[in-house]
Amino acid sequence: MEQEQIKNAEKNFRTDAESLFKEIKAILADFFVCDLTERDNVLLMRLENGQTFRLTVREAV
């Protein structure tokens, strides 16, 4: 019974782009030594070696 509930929760789980964006930002902060700057739904990630990455999250419809 419990396993069935877990499978249903996994199938029916929904999130939005903003929530996913925040989760990704937190994960990046835990795994990389970098500066993270957020503006206008864009996350700029600057690594210590000077590389900069631009990350965005949008739901594909």
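Residues numbered from 1 in each chain as written. Predicted model: local features only at pLDDT ≥ 70, side-chain atom pairs only at ≥ 80, totals over all residues. Heavy atoms only, no water.

Engineer: Describe in detail the pattern of salt bridges, supporting the description with residues and values.
Structural biologist: Throughout the structure, instances matching the rule amount to three salt bridges. Where Glu 59 meets Arg 14, a salt bridge forms, and the shortest distance between an N and an O atom there is 3.4 Å. With Glu 59 in the segment after strand S3 (52–55) and Arg 14 in the loop between helix H1 (2–12) and helix H2 (17–31), this pair connects stretches of sequence that are 45 residues apart. As far as the burial class goes, Glu 59 and Arg 14 line up, both exposed. Glu 18 is the salt-bridge partner of Lys 22, the closest N and O atoms lying 3.4 Å from each other. (Salt bridge = Lys/Arg side-chain N within 4 Å of Asp/Glu carboxyl O. Helix = DSSP H or I, 4+ residues; strand = E, 2+ residues; numbered from the N terminus. Buried < 20%, exposed > 50% of the residue type's maximum accessible area, 1.4 Å probe, protein only.)

Engineer: Explain the pairing of strand S2 (residues 42–47) residue by residue, including any values.
Structural biologist: Pairing analysis gives six bridges linking strand S1 (residues 34–39) to S2, with the strands arranged antiparallel. Paired with Glu 38 across the two strands is Leu 43, which belongs to S2. Once S1 ends, the chain turns through two residues before running back antiparallel as S2, passing Asp 40 with a positive phi of about 50°. By the bridge criterion, four bridges tie S2 to S3 in an arrangement that is antiparallel. (Pairing = 2+ DSSP bridges.)

Engineer: Account for the nonpolar core, naming residues and giving values.
Structural biologist: In terms of nonpolar packing, the biggest core is built from six residues, these being Phe 21, Leu 28, Cys 34, Leu 43, Met 45 and Leu 47. Counting only elements with at least two residues in this core, the list comes to H2 and S2. Here the element with the most residues in this core is S2; it accounts for three residues. Ignoring sequence-local partners within four residues, the contact set of Leu 43 consists of Phe 21, Lys 25, Leu 28, Leu 36, Thr 37, Glu 38, Phe 53, Arg 54 and Leu 55. (Core = buried A, V, L, I, M, F, W, Y, C linked by side-chain atoms within 4.5 Å. Contact = heavy atoms within 4.5 Å.)

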